[in-house]
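Residues per chain are reported as follows:
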Amino acid sequence: MYYKSLQHKAPKVSFKEAVIRGIAPDKGLYFPESITPLPPSFFENITSLSNESIALEVIQQFIGNDIPIEELKKIVSETLSFDFPTVKIEESIYALELFHGPTMAFKDVGARFMARCLSYFNRNQKNKVTVLVATSGDTGGAVADGFLGVKGVDVVILYPSGKVSDIQEKQLTTLGQNITALEVDGVFDDCQDMVKQAFLDVELQSQQLTSANSINVARWLPQMFYFFFAYKQLKSIGKEIVFSVPSGNFGNICAGMMASRLGLPVAHFIGATNSNDTVPRFMKSGIYKQMASIQTISNAMDVGNPSNFVRIRHLFNSDLQLLQKWFSSFSFSDQETKEAMKKLMREHTYLADPHGAVGYLGLKEYMKTNTDYLGVFLETAHPIKFIDVVKETTLCQPEVPPQISKVMDGKKSTIRIADYGDLKNFLQSR
Ligand SMILES: *Cc1c(COP(=O)(O)O)cnc(C)c1O
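Within each chain, residues carry numbers counting from 1 in the order of the written sequence. At least 70 in pLDDT is required for a residue's local features to be given in this predicted model, at least 80 for side-chain atom pairs to be given and counted, and no such filter applies to totals for whole chains, interfaces and linings, which use all residues. For the side-chain quantities, the full set of heavy atoms in the structure was used; hydrogens and water were omitted.

- With an unreviewed UniProt entry as reference, the chain is termed Threonine synthase, source organism Imtechella halotolerans K1.
- UniProt positions are given in the numbering used here, feature names are shortened, and annotations may be inferred rather than shown by experiment. Note on the chain: under the UniProt heading Cofactor (unreviewed entry), the record states "pyridoxal 5'-phosphate".
- Word for word, the UniProt comment on the chain under Pathway (unreviewed entry) is "Amino-acid biosynthesis; L-threonine biosynthesis; L-threonine from L-aspartate: step 5/5."

Shown next, in the form of structure tokens:
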């Protein structure tokens, strides 16, 4: 299997090289050169297959010969060490809960898979790979946990001081071992800029720096798995499924679309956003105009220029009408999101986090006029991760799960940095 750059000005590469590079030399995102649908028998028998067997079947063609099958089996099974339940909310509406992993956000799946691939690729090398990542919250925690103790890989996380929640900060800063947290005097954009500068710095080229954000194919593609797991659980209801995905960088929903290219029966995809409405505006006008990101209560989706949307456009040959047939996108305000959280609690005794609530709103909007489907929205984070707004809005206090209480007792350890010079010094002094 080869991956091409969506800028079309870089050579094709194998899975291994795409993972290590992250982004192509022409700054394009990598995309599989071909997608071969799975056989009908796979879908006929899916209810009798384990999650591991499903995932292995789904991912195999995208890895090619770069990882031997026995090794890949191990990677998949370690990645999927938790549950992916669908929960009935109301007639014909289900939540697919993706928050039962170690950091309680769906990013655990991609981070765990990528960490194990990278560790395999680096198994014989003396030099360590350093994963450098900027985070506004959830990504850092999932990456830190996913890579913890993974041999041959050091992780350096930059986060804006005082701008992540207490839980998120603990998840980043208490693990130790091969994980270092750099606490930046600044905002998320400053962290992001420093990371970008480090990747371009010729004096750091000997450091084997790599990224772990959602443009990396090893983080993006395993997100296909749980669309199949949802189908497996809901197939017997016998209705066509529509998925609503709360979206920021649009990596998760794009993985769902890849699943449907593999033959998963999905009638329609809904990309639900907060006030960062670049994609909903595009779907109306056909004009893509990025915006400066706006801060909202569903902050993991505060993205003004969604990096994975080029992959979605590529999947539909940049044909707007074709895309509109399979995909809708709606934007919701914080006020609407809070109303939805209240309603879910009041009428269905379901405590949703703000991201899941946006997904629910997207589903309700679409199903107003498309009534015959089975609607599934992705609940992408546990409500405990957004405890302040959840408590204030619903007056409910979720119980603290063991994954969280464990890190809350940990001791924070960070190195404070102020500018790029500090980052470079740190990287070179190791
Ligand atoms: C990252 C994140 C999202 C957005 O996912 P994308 O793949 O960037 O669209 C949604 N919800 C939560 C809780 C997240 O952490």
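Let us keep going from here.
1. Thoughts on the overall build of the chain
- Helix numbering and strand numbering both begin at the N terminus, where a helix is a DSSP run of H or I of at least 4 residues and a strand a DSSP run of E of at least 2. Along its length, the chain carries 19 helices and 14 strands.
- The atom set for the radius of gyration is the C-alpha atoms, and the globule formula is 2.2 Å times the number of residues raised to the power 0.38. Here the C-alpha radius of gyration of the chain, 21 Å, is about what a compact globule of 430 residues would show, namely 22 Å.
- Once the C-alpha set of the chain is aligned to its principal axes, its extents read approximately 60 × 50 × 45 Å.
- Nonlocal contacts in the chain, meaning residues at least 24 apart in sequence, comprise 75% of its contacts between residues at least 6 apart.
- The accessible surface values rely on the Shrake-Rupley method and a 1.4 Å probe; as for residues, cover is taken only from the protein chains in view. A total of about 17800 Å² of accessible surface is found on the chain, and carbon and sulfur atoms cover 48% of it.
- Placing the 44 positive and 45 negative side-chain charges of the chain at their respective mean positions leaves the two points 4 Å apart. Throughout, a contact is declared for two residues whenever any of their heavy atoms are within 4.5 Å. In this count, Lys and Arg are taken as positive residues and Asp and Glu as negative ones, while His and the chain termini are left out. By convention, the point assigned to a charge is CZ for Arg, NZ for Lys, CD for Glu and CG for Asp.

2. Quick notes on helix α5 (residues 107-121)
- The length a helix should cover is 1.5 Å for every residue beyond the first. A rise of 1.5 Å per residue sets the reference length of α5, with its 15 residues, at 21 Å; its end C-alpha atoms lie 21 Å apart and thus fit the reference within 8%.
- The cut-offs for exposure are 20% and 50% of the maximum accessible area for each residue type, with area from a 1.4 Å probe on protein chains only; residues under the lower value are buried, those over the upper are exposed, and the others partly exposed. Counting buried residues in α5 gives 15 out of 15 residues, a clear majority hidden from the surface.

3. Observations regarding the sheet that holds strand β8 (residues 179-184)
- When DSSP finds at least two bridges between two strands, those strands are taken to pair. If you trace the 5 strands from one edge of the open sheet to the other, you get β9-β6-β7-β8-β14, paired in parallel fashion. Of all strands in the sheet, those bounded by a partner on one side alone are β9 (209-210) and β14 (415-417).
- Judged from the 2 bridges that link them, strand β6 (residues 129-134) and β9 form a sheet pairing that is parallel. Bridge pairing links T130 to L209 in β9.

4. So, unusual backbone geometry
- Of note, the phi angle at K27 is positive, near 70 degrees, even though the residue is not glycine.
- Looking at where K27 falls in the secondary structure, it is placed in the loop between α1 (15-21) and β3 (30-32).
- Exposure remark for K27: the relative accessible area of 55% places this residue in the exposed category.
- With a phi angle near 55 degrees, S318 is a residue other than glycine that sits in the positive phi range.
- Of note, S318 is situated in the loop between α13 (309-315) and α14 (320-326).

5. Thoughts on the packing of aromatic side chains
- A pair of aromatic rings is counted whenever rings of Phe, Tyr or Trp (Trp by its six-membered ring) have centres within 6.5 Å, and the orientation is called stacked for planes under 30 degrees apart, edge-to-face for over 60 and tilted otherwise. In total, this model carries 22 aromatic pairs according to the counting rule given.
- Taking the centre distance of 6.2 Å and the plane angle of 85 degrees together, the rings of F113 and F225 count as edge-to-face. Residue F113 is found in helix α5, and its partner F225 is found in helix α10 (residues 225-234); the two are separated by 112 residues along the sequence.
- For F113, a relative accessible area of 0% translates into the label buried.
- Taking the centre distance of 6.1 Å and the plane angle of 15 degrees together, the rings of Y288 and F309 count as stacked. Placement of the pair is Y288 in the loop between α12 (278-285) and α13 and F309 in helix α13, with a sequence separation of 21 residues.
- For Y288, a relative accessible area of 26% translates into the label partly exposed.

6. Looking at the site of the ligand
- Lining the immediate environment of the ligand, one finds 15 residues, of which K107, D138, G248, N249 and T380 sit closest.
- Here a polar contact means two N or O atoms within 3.5 Å. Within protein one must be a hydrogen donor candidate and the other an acceptor candidate, and residues neighboring in sequence count only if both atoms are side-chain atoms. Between K107 and the ligand, the recorded distance is 2.4 Å, taken from a side-chain N or O atom to an oxygen atom.
- In this structure, an oxygen atom belonging to the ligand sits 2.9 Å away from a main-chain N or O atom of F250.
- When the ligand is considered free in solution it has 390 Å² of accessible area, and contact with the protein chains removes 96% of it.
- Along the lines of polarity and charge, the residues of the shell around the ligand split into 6 nonpolar, 7 polar and 2 charged. To be near a molecule or strand, a residue needs just one of its heavy atoms within 4 Å of it. Here the nonpolar group is Ala, Val, Leu, Ile, Met, Phe, Trp, Tyr, Cys and Pro; Asp, Glu, Lys and Arg are the charged ones; every other residue, Gly included, is treated as polar.

7. Quick notes on the environment of S211
- Within the fold, S211 resides in the loop between β9 and α9 (217-220).
- Judged by relative accessible area, which is 10%, S211 ranks as buried.
- Spatially, the C-alpha atom of S211 lies 33 Å from that of L361, the residues being 150 residues apart in sequence.
- Apart from the residues lying within four places of it in its own chain, the contact partners of S211 are G22, M114, V131, L132, F199 and N216.

8. A short note on the pairing of strand β7 (residues 153-160)
- Extensive coverage of β7 is indicated by the burial of 8 of its 8 residues.
- Alignment of β6 against β7, held across 6 bridges, turns out to be parallel. Within the sheet, the bridge partner assigned to L132 lies in β7 and is V156.
- Remark: the β6/helix α6 (residues 138-147)/β7 crossover connection has right-handed handedness.
- Pairing of β7 with β8 involves 6 bridges; the strand directions are parallel. Each bridged residue has a counterpart across the sheet, and for I157 the counterpart in β8 is A181.
- The β-α-β motif built from β7, the intervening helix α7 (residues 166-173) and the parallel element β8 has right-handed crossover chirality. Place the viewer so that the strands point away; then a crossover is right-handed whenever the path from the first strand over the helix to the second strand goes clockwise.

9. Here's the deal with the nonpolar core
- Joining through side-chain atoms within 4.5 Å is the link that ties buried Ala, Val, Leu, Ile, Met, Phe, Trp, Tyr and Cys residues into a set, and such a set is a nonpolar core. Ranked by internal contacts, the top residues of the largest apolar core, which has 97 residues, are F15, F147, M224, Y226, F228, F243 and F327.
- Looking at this core element by element, the count peaks at 9 residues for α5.
- Those residues within four positions of F147 in sequence are excluded, and the remaining contacts are A111, M114, A115, L118, V131, V153, V155, N178 and I179.

10. Considering the UniProt feature "domain: Threonine synthase N-terminal" (unreviewed entry) in the chain
- Listed under "domain: Threonine synthase N-terminal" (unreviewed entry) in the UniProt record, and renumbered for this structure, are residues 3-79.
- As a span, residues 3-79 carries 47% helix and 10% strand, and end to end its C-alpha atoms are 23 Å apart.

11. Considerations on the sheet that holds strand β10 (residues 241-246)
- The sheet built from 6 strands is open, its strands ordered β4-β5-β13-β10-β11-β12 with mixed pairing. Strands with a single pairing partner mark the edges of an open sheet, and in this sheet they are β4 (86-90) and β12 (327-331). Going from strand to strand, the sheet's axes swing by 25 degrees on average, the running direction of each strand aside.
- Sheet topology places β4 next to strand β5 (residues 93-97); 4 bridges connect them, and they run antiparallel. Axes here refer to lines fitted to C-alpha atoms; in helices the fit is confined to the stretch in contact. Angles between the N-to-C directions go from 0 to 180 degrees.

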